[in-house]
Amino acid sequence: VLALVQFLQKLWNSYLVNEGRIDMKTILITGVTGFVGSSLAANFLHQGHRVVALSRHDPEGERTKQAVKTACTGFSISHAAINWSNLVVVPIDYKRVNDLTQQPSLPSIDEAWHVAAEMTYSSKKFVGAFQQNLTATGELYEVLNDHAPNCRRFYYISTAYTGGFSKKVIEERIHTNPQLVNVYQASKWATETSLFIKGHEMRLPVTILRPSIVIGHEQTGWSGYNSFGMYSLIAAILTGVEQGAREITLDLKEAVKNNVIPINDLVENALKLSEKDALQEKVEIFNAVAVESLPLTTSLDIVSKILNIKISLGRPKTLFDRVIHSVGRHNLEFARTEWKFTNDRLMTVLGPEFKPTCMTYDKLFHIIAKFIEKRQAAHAPFKQAAFLKKLGLVAKIALHKFAQRRSKEAQETA
Ligand SMILES: NC(=O)c1ccc[n+]([C@@H]2O[C@H](COP(=O)([O-])OP(=O)(O)OC[C@H]3O[C@@H](n4cnc5c(N)ncnc54)[C@H](OP(=O)(O)O)[C@@H]3O)[C@@H](O)[C@H]2O)c1
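Residues numbered from 1 in each chain as written. Predicted model: local features only at pLDDT ≥ 70, side-chain atom pairs only at ≥ 80, totals over all residues. Heavy atoms only, no water.

Asks: Explanation requested: the overall build of the protein chain in the structure shown.
Replies: The number of helices and strands found in the protein chain is 14 helices and 13 strands. Within the protein chain, the proportion of its 414 residues that are buried is 52%. Of the contacts made within the protein chain by residues no fewer than 6 positions apart, 82% connect residues no fewer than 24 positions apart. When the accessible surface of the protein chain is summed, it comes to about 19300 Å², and 56% of that surface belongs to carbon and sulfur atoms. (Helix = DSSP H or I, 4+ residues; strand = E, 2+ residues; numbered from the N terminus. Buried < 20%, exposed > 50% of the residue type's maximum accessible area, 1.4 Å probe, protein only. Contact = heavy atoms within 4.5 Å. Areas by Shrake-Rupley, 256 points an atom, 1.4 Å probe, with all protein chains shown as cover.)

And the structure:
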């Protein structure tokens, strides 16, 4: 039966491609070992396209293939529905992007999705972040501009937060004088600006797609390897709970809303953009954001219900509260701010095919529950170790004292 199903699926895929229902494209994607890139690759492959994945540190391509398989599962796409020979992994050294000019697959590339990015916030990694996000992106664009004559568009996945802290509303355009607070935000802004100029001056058109906070799949809850945005705050709370904290006080504002977009909405709109390629302008900027968001306190309420703990808002009270604030200070700054985005341009371009994000309490509960379930399973000790590594000496001592106090309390209770 399985063989018959596989055969029929292959027949159907080949019908889709060959009968002209879709044009088979060759799509170059970077960042396929990550959450967003693997999701895009899985869905493009599922549509019958060919994917050329540029991956670093993966000479045999196994890590990349495994990531795409995992993303297929996350999207409930049967592995048998994919023609795996359509996935080609090409090694890349981002310090030597120009080596790609020797790649025989370049003339076959129809479009490129540049997803890979250095996501650090740390100013200590300033040089590396700008080298990757600004310089290597510009070089990749130029290689495709000059050596991939059939490449019709360069899609760049940026972030909706390049607008910075000072803007009342973040619009779908290049931001001038943004107030940027970390290396990630700054290097993404610089890259957008550079691509904006290149896209106008050179042959290859550019689309900048800016997601807000990407969260798990709304049906399966799958969130890949993501520990970014909302997940980093939950991960910090989870580590506190693993250390024995039952009451956590976070210095956040009650009214602030959480602009989150499930990965399936992001991918669906990205795929529609790819289909509309010929209708688009030379350089375009879109915000991939939720129009209506739930308050941040809804996420905290969900976390407290799942973990059976109390989360309040206010000044940090315990040592562990202070540790969470110290570790998560950069993300807390974003979480305390009321962000407003427009996405009229994306809506206009996609028309009735635009997939809006309609986040409900139940959907968010499911997504957060899946993340916590995954974190509490096998990888929790490893993640905890990674979290502890990030702490400075003072925070480590505070955490140690906190754990000692907890164990003394537990002994006294016993
Ligand atoms: N997740 C979100 O909430 C969110 C929100 C807005 C925008 N975005 C954007 O979406 C993109 C992908 O994010 P993601 O959530 O998929 O992240 P992810 O799961 O951490 O994946 C990051 C990808 O980039 C590659 N990468 C990381 N550091 C790199 C470096 N220094 N040099 C070269 N490649 C590097 C990784 O390759 P390795 O496996 O080799 O490390 C991986 O393929 C990024 O451009 C990010 O700015 C994400």
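Asks: Where do I start with the pattern of salt bridges in this structure?
Replies: Where side chains of opposite charge bring their charged atoms close, a pairing between them can arise. Taken as a whole, this structure holds 15 salt bridges when the rule is applied. Ionic pairing is found between K355 and E218, a salt bridge with its closest N-O pair at 3.5 Å. Residue K355 is located in the loop between α11 (344–350) and α12 (361–376), and its partner E218 is located in the loop between β7 (213–215) and α6 (230–242); the two are separated by 137 residues in the primary sequence. If you follow the salt bridges from partner to partner, you end up with E218, D265, K355 and K363 in one network. (Salt bridge = Lys/Arg side-chain N within 4 Å of Asp/Glu carboxyl O.)

Asks: Would you mind going over the pairing of strand β11 (residues 283–288) with me for this structure?
Replies: The two faces of a sheet get side chains in turn, since along a regular strand they alternate between them. Judged by how many residues are buried, β11 sits mostly within the fold: six of six residues are covered. Residues V283, I285 and N287 line one face of β11 and the alternating positions E284, F286 and A288 line the opposite face, and both faces are buried. Relative to β11, strand β6 (residues 206–211) runs parallel, the two sharing six bridges. Following the sheet pairing, I208 is matched in β11 by I285. (Pairing = 2+ DSSP bridges.)

Asks: Just checking my understanding: could you explain the nonpolar core for this structure?
Replies: Nonpolar side chains in soluble globular proteins generally cluster together in the buried interior. If you look at the biggest cluster of nonpolar residues, it comprises 44 residues, and the most contacted ones within it are I215 and I237. Elements supplying a minimum of two residues to this core: β7, α6, β8 (247–250), α8 (296–307), α9 (319–327), α10 (329–335) and α12. Among the elements that make up this core, the one with the highest residue count is α6 (eight residues). Contacts of I237, omitting those with residues within four sequence positions, involve I248, L250, L300, V303, L307, I309, I311 and I324. (Core = buried A, V, L, I, M, F, W, Y, C linked by side-chain atoms within 4.5 Å.)

Asks: Got a minute to help me understand the pairing of strand β5 (residues 154–157) in this structure?
Replies: Covered by surrounding structure in β5 are F154 and Y156 together with Y155 and I157, the residues of both alternating faces. The sheet contact formed by strand β4 (residues 111–114) and β5 spans three bridges and is parallel. Bridge assignment links H114 to a residue of β5, and that residue is Y156. Relative to β6, β5 runs parallel, the two sharing four bridges. Bridge pairing in β6 links I157 to L209. With respect to chirality, the unit in which β5 leads through helix α5 (residues 183–201) into the neighbouring parallel β6 is right-handed. (Right-handed = clockwise from strand over helix to strand, strands pointing away.)

Asks: What should I look at first to understand the sheet that holds β11 in this one?
Replies: Two orientations exist for strands paired in a sheet by backbone hydrogen bonds: parallel and antiparallel. Here we have seven strands laid out as an open sheet, ordered β3-β2-β1-β4-β5-β6-β11, and parallel in their pairing. Only two strands of the sheet have a single neighbouring strand rather than two, namely β3 (87–91) and β11. Sheet twist, expressed as the average angle between the axes of neighbouring strands with direction ignored, equals 20 degrees. In this structure, strand β1 (residues 26–30) lies alongside strand β2 (residues 50–55), joined through five bridges in parallel fashion. Paired with L28 across the two strands is V52, which belongs to β2. Its contacts with the sheet place helix α3 (residues 62–74) against β2 and β3, and it is angled at close to 140 degrees to β3. The strands touched by helix α7 (residues 263–275) within the sheet are β4, β5, β6 and β11, with β6 carrying the most contacts at an inclination of about 170 degrees. (Axes fitted to C-alpha atoms, helices over the stretch in contact; angles between N-to-C directions.)

Asks: Which parts of the structure should I look at to understand the site of the ligand?
Replies: The full set close to the ligand counts 24 residues, and T33, V36, R56, Y184 and K188 are the nearest of them. Here a nitrogen atom of the ligand sits 3.2 Å away from a polar atom, N or O, in the side chain of Q132. Considered on its own, the ligand offers 900 Å² of accessible surface; in the complex 87% of this is hidden by protein. Of all the elements in the fold, those that place two or more residues in the shell around the ligand are α2 (35–46), α5 and β7. Across the shell around the ligand, the residue classes break down as 13 nonpolar, seven polar and four charged. (Near = heavy atom within 4 Å. Polar contact = N/O pair within 3.5 Å; in protein donor to acceptor, adjacent residues only side chain to side chain. Nonpolar A, V, L, I, M, F, W, Y, C, P; charged D, E, K, R; others polar.)

Asks: Would you mind showing me how to read the side chain of T162 here?
Replies: By secondary structure assignment, the location of T162 is in the loop between β5 and α5. The class of T162 is buried, set by a relative accessible area of 0%. For T162, the side chain forms a polar contact with the main-chain oxygen of T159, separated by 3.3 Å. Of the polar contacts made by the side chain of T162, one reaches the side chain of R210; its length is 3.5 Å.

Asks: Sorry, what's going on with the packing of aromatic side chains here?
Replies: By convention here, two paired aromatic rings are described through the distance between centres and the angle between planes. All chains considered together, the criterion is met by 17 aromatic pairs. Arranged with centres 4.7 Å apart and planes meeting at 90 degrees, the rings of Y161 and W339 form a pair that is edge-to-face. Taken together, the residues span a long stretch of sequence, with Y161 in the loop between β5 and α5 and W339 in the loop between α10 and α11 at a distance of 178 residues. When its relative accessible area of 10% is taken as the criterion, W339 is described as buried. Aromatic rings pair up to connect Y121, Y161, F165, Y184, F334, W339 and F341 into one cluster. Taking the ring centre of W84 as reference, the NZ or CZ of K69 above it sits at 5.5 Å. (Phe/Tyr/Trp six-rings, centres within 6.5 Å; stacked < 30°, edge-to-face > 60°. Lys NZ or Arg CZ within 6 Å of the ring centre and 35° of its normal.)

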